[in-house]
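# Commentary on secondary and tertiary structure
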Number of protein chains: 2
Amino acid sequence: MLNLPSKSLEDAVEQLSNLPGIGRKSALRLALYILKEDELFAKDLATAIASLKLNVKFCQKCHNISDEDLCNICASPSRDDSVVCVVENMSDVLAIESTGAYKGLYHVLNGVISPLQGITPNDLTIEHLIDRVHQEDINEVIFALNASLDGDTTAFFIRQQLEAITTLKLTNIARGIPVGGALEYADELTLGRSIAERTDL
Amino acid sequence: MLNLPSKSLEDAVEQLSNLPGIGRKSALRLALYILKEDELFAKDLATAIASLKLNVKFCQKCHNISDEDLCNICASPSRDDSVVCVVENMSDVLAIESTGAYKGLYHVLNGVISPLQGITPNDLTIEHLIDRVHQEDINEVIFALNASLDGDTTAFFIRQQLEAITTLKLTNIARGIPVGGALEYADELTLGRSIAERTDL
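Per chain, the residues get numbers from 1 upward, laid out in the order the sequence is written. Here chains are named by letter from A upward and ligands by number from 1 upward, in the order in which they appear as written. Thresholds applied to this predicted model are a pLDDT of at least 70 for local features of residues and 80 or more for the giving and counting of side-chain atom pairs; totals over whole chains, interfaces and linings are not thresholded and use all residues. By convention in this description, side-chain values take in all heavy atoms of the structure and omit both hydrogens and water.

## Details of the UniProt feature "zinc finger region: C4-type" (unreviewed entry) in chain A
Definition in use: UniProt positions are given in the numbering used here, feature names are shortened, and annotations may be inferred rather than shown by experiment. A helix here means a DSSP run of H or I that spans at least four residues, while a strand means a run of E at least two residues long, and both kinds are numbered starting from the N terminus.
UniProt marks residues 59–74 of chain A with the feature "zinc finger region: C4-type" (unreviewed entry), using the numbering shown here. For residues 59–74 of chain A, helix accounts for 19% and strand for 12%, while the C-alpha atoms at its two ends are 8 Å apart.

Right, here's the structure in full:
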């Protein structure tokens, strides 16, 4: 593609185009924008990116992003600590939090079991989840994993280790037609599942 | 919107969403991606952004981006230094260079005259352009400014100061129907201009 007239510009474009969803052309537009702005802009941006990786910690309880040892959700006295929602990664926590519909705690697996990508249970925080269920006073574990083969495998793997605890309720988030979604545009799997798992009116 | 669980994450999202075309949601996706990658990724990206603003110089002749005092276009002996193409900013240079159709030099104005935005001729490199035309052996000045009111004003302002030089040819890039563009979808202004400025077959 374009032969850039400056090594520093070339470097910046290359680094920026490593980000997801940003191609070389968008990266060039971003770099030229940074060049146009004053020096403080580039400095603030660079500092924020560098300190992101250095300063962000992970909650020792649920593995969510946190500035402290315990994240604000785990530390909050107003949350229901008898329910744990198992999610794949931290963006899922943010997505569920933005609904305001959930008041329990979380457990971030940091991925799902994937034989193809070589991700085994030991690469995830599954063992810690099992420990939590045994040590904490947890009544329900909600699985909110993506409806993929790997997601289902992971839920199955965890369930196997938890179903021996008879007092524990294991649930899955509801699958079905999205609120406001038209039936005629839904895929067969979703529509079929929405009928099989119909609820009382 | 979302209440982020970490100050550093919040900072990074805020800085990233200052970039053009990146909203808060995209910024969060980028920040989470940076968090997932190893430390070197964040460090390299931050360094590239910071050094972009610090290291990039501007060509003393044409004001294009450069690592040296003279950019590689002005310094190249194979370019035709009797033709100068006047453009608004450095991304226009890259756009024209990518065509491979132009072998002359450039002059980057760093903007156009805009009374509304308070940009006067003194904020631009117009005076330097006039000096260049007088001092260098230039036969033709091509105006490749955007077809806006401000672009036209700027071209008019520069022309006024150059038309006294009778040996100098002043030209404008051709406006018309894009190559491969369908006539029925062209706007009236472009189509009208393409007829008024028709060329011999």
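## Quick look at the environment of Leu-9 of chain A
For the record, the criterion: Whether two residues are in contact is decided by their heavy atoms, any of which lying within 4.5 Å being enough.
Its place among the elements puts Leu-9 of chain A in helix α1 (residues 7–16). Between the C-alpha atom of Leu-9 of chain A and that of Tyr-102 of chain A, which follows or precedes it by 93 residues, the distance is 46 Å. When sequence neighbours within four positions are dropped, the list of residues in contact with Leu-9 of chain A reads Leu-4, Leu-28, Ala-31, Leu-32 and Leu-35 of chain A together with Leu-52, Val-56 and Ile-65 of chain B.

## Here we look at the nonpolar core
The test is simple: Put simply, a nonpolar core is a bunch of buried Ala, Val, Leu, Ile, Met, Phe, Trp, Tyr and Cys residues held in one set by side-chain atoms that sit within 4.5 Å of each other. Only protein chains enter the area calculation, which uses a 1.4 Å probe; residues under 20% of their type maximum are buried, those over 50% are exposed, and those in between are partly exposed.
Membership of the largest hydrophobic core comes to 50 residues, with the highest contact counts inside it found for Leu-9 of chain A together with Leu-9 of chain B. Put simply, the parts of the chain that give this core at least two residues each are α1, α2 (24–36), α3 (39–55) and α5 (90–97) of chain A together with α1 (7–16), α2 (24–36), α3 (39–55) and α5 (90–99) of chain B. With sequence-adjacent residues up to four places away left out, Leu-9 of chain B is seen in contact with Leu-52, Val-56 and Ile-65 of chain A together with Leu-4, Leu-28, Ala-31, Leu-32 and Leu-35 of chain B. Counting 34 residues, the second largest nonpolar core, distinct from the first, contains Ile-73, Val-87, Val-141 and Ile-158 of chain A.

## Some thoughts on the packing of α1 of chain A against α3 of chain B
Condition: Here the axes come from fitting lines to C-alpha atoms, over the contacting stretch only for helices, and the angles between their N-to-C directions go from 0 to 180 degrees. Our angle categories are set so that under 35 degrees counts as roughly parallel, over 145 as roughly antiparallel, 65 to 115 as roughly perpendicular, and the remainder as oblique. The hand of a helix crossing depends on one turn: near helix anticlockwise from the far one by less than a right angle means left-handed, and clockwise means right-handed. Side-chain classes follow a simple rule in which Ala, Val, Leu, Ile, Met, Phe, Trp, Tyr, Cys and Pro form the nonpolar group, Asp, Glu, Lys and Arg form the charged group, and the remainder, Gly included, forms the polar group.
Where α1 of chain A contacts α3 of chain B, the axes come no closer than 9 Å and their chain directions differ by 150°. Judged by the angle between their axes, α1 of chain A and α3 of chain B are roughly antiparallel. Here α1 of chain A and α3 of chain B pass one another in a crossing that is left-handed. Seen from α1 of chain A, the contacting residues are Ser-8, Leu-9, Asp-11, Ala-12, Gln-15 and Leu-16 of chain A; seen from α3 of chain B, they are Asp-44, Leu-45, Ala-48, Ile-49, Ser-51, Leu-52 and Asn-55 of chain B. Across the contact of α1 of chain A with α3 of chain B, the residue classes break down as seven nonpolar, four polar and two charged.

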